[in-house]
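Summary of the model geometry
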Amino acid sequence: DVKVTQSSRYLVKRTGEKVFLECVQDMDHENMFWYRQDPGLGLRLIYFSYDVKMKEKGDIPEGYSVSREKKERFSLILESASTNQTSMYLCASSLASVGGQPQHFGDGTRLSIL
Amino acid sequence: AQSVTQLDSQVPVFEEAPVELRCNYSSSVSVYLFWYVQYPNQGLQLLLKYLSGSTLVESINGFEAEFNKSQTSFHLRKPSVHISDTAEYFCAVSLGNTGFQKLVFGTGTRLLVSP
């Protein structure tokens, strides 16, 4: 089974802090994704990566950056955390082969910015 | 651009009753369709997927979904729900002919099963 592990289940940070959310997958997947989930809005894509050191903006990249130095690890960075970034953050990975590959999700990090 | 609509934000139902969670999508090209389930305080788990072939797809826990191309729908059904089916369900679509598979999600439907 694919295992996607997010380093923290719950995280509390202060406004203005630099925040790192880490995600590791163990199935040699090429694609990795970061979403945020908010009530009534579903999942919104922040950033994704299809290869090491490659990154692409998703639908809501403002205020975020990412890093992918190794294939198995994809980090989300909040450069200067703000209260409107309080949310559930979900990491996912998938194979980059023929179409129809499902994404596999971690358990999420519930981030609170005070 | 693709979009996914889940009209029902919440569906209350009694245990052992049938349920249908609706999903409609918009796309001018062929698509792959997915249903994911999210139990409280967990990430999303793949429930079932339609890639090609038979328009009716089934999951191991009794859910099924039917791909209807003419109505651009992929509704999820279960003939008899359990308390343990209480969760949030997300419909998602990805384009069928691109090299990189991004998913577009609906806003989710919360299924509430009561005794």
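Calculation notes
- Residues numbered from 1 in each chain as written.
- Chains lettered and ligands numbered in written order.
- Predicted model: local features only at pLDDT ≥ 70, side-chain atom pairs only at ≥ 80, totals over all residues.
- Heavy atoms only, no water.
- Helix = DSSP H or I, 4+ residues; strand = E, 2+ residues; numbered from the N terminus.
- Rg over C-alpha atoms; globule rule 2.2 N^0.38 Å.
- Buried < 20%, exposed > 50% of the residue type's maximum accessible area, 1.4 Å probe, protein only.
- 1 Å grid on protein atoms, 1.4 Å probe; cavity = no way out; pocket = protein on both sides within 12 Å on 5 of 7 lines; lining within 4 Å.
- Points joined across faces, edges and corners; volume = space filled by probe spheres on them.
- Nonpolar A, V, L, I, M, F, W, Y, C, P; charged D, E, K, R; others polar.
- Disulfide = S-S within 2.5 Å.
- Polar contact = N/O pair within 3.5 Å; in protein donor to acceptor, adjacent residues only side chain to side chain.
- Contact = heavy atoms within 4.5 Å.

**Focus: the overall build of chain B**
Broken down by element type, chain B carries zero helices and 12 strands. Helices and strands appear in chain B in the N-to-C order β-β-β-β-β-β-β-β-β-β-β-β. Over its C-alpha trace chain B gives a radius of gyration of 14 Å, about what one expects of a compact globule, namely 13 Å for 115 residues. Counting only C-alpha atoms and orienting by the principal axes, one finds that chain B spans roughly 45 × 30 × 25 Å. For chain B, the residues scored as buried account for 46% of the 115 residues in total.

**Structural notes on the layout of surface pockets**
There is about 470 Å³ of room inside the largest pocket. Q37 and P39 of chain A together with Q38, E88 and R110 of chain B are the residues nearest the centre of the largest pocket, which is lined by 25 residues in total. Class assignment of the residues belonging to the lining of the largest pocket gives a composition of nine nonpolar, 12 polar and four charged.

**Some remarks on the state of the cysteines**
Residues and elements named next belong to chain A. For the structure shown, the criterion picks out two disulfides over all chains. Sulfur-sulfur distance for the disulfide between C23 and C91 comes to 1.9 Å. Taking the sign of the torsion about the S-S bond as the criterion, the disulfide between C23 and C91, at about -75°, is left-handed. With C23 in strand β3 (residues 19-25) and C91 in strand β9 (residues 87-94), this pair connects stretches of sequence that are 68 residues apart. Overall, C23 belongs to the buried group, its relative accessible area being 0%.

**Here we look at empty space enclosed by the protein**
This structure, assessed with the given rule, holds one cavity of 30 Å³ or more. By volume, the largest cavity amounts to about 40 Å³. In terms of lining, the largest cavity is formed by R9, Y10, M88, D107, G108 and R110 of chain A together with N41 of chain B. A breakdown of the residues in the lining of the largest cavity according to their chemical character gives two nonpolar, two polar and three charged.

**Topic: the side chain of D38 of chain A**
Residue and element names in this part refer to chain A. Its location among the elements puts D38 in strand β4 (residues 31-38). Judged by relative accessible area, D38 falls into the buried class, the value being 12%. Separated by 2.8 Å, the side chains of D38 and R36 make a polar contact. Here the side chain of D38 touches R44 through a polar contact of 2.8 Å, side chain to side chain. Setting aside chain neighbours within four positions, we find D38 in contact with R44, T86 and S87.

Fair warning: the whole summary comes from geometry, so function is off the table for now.
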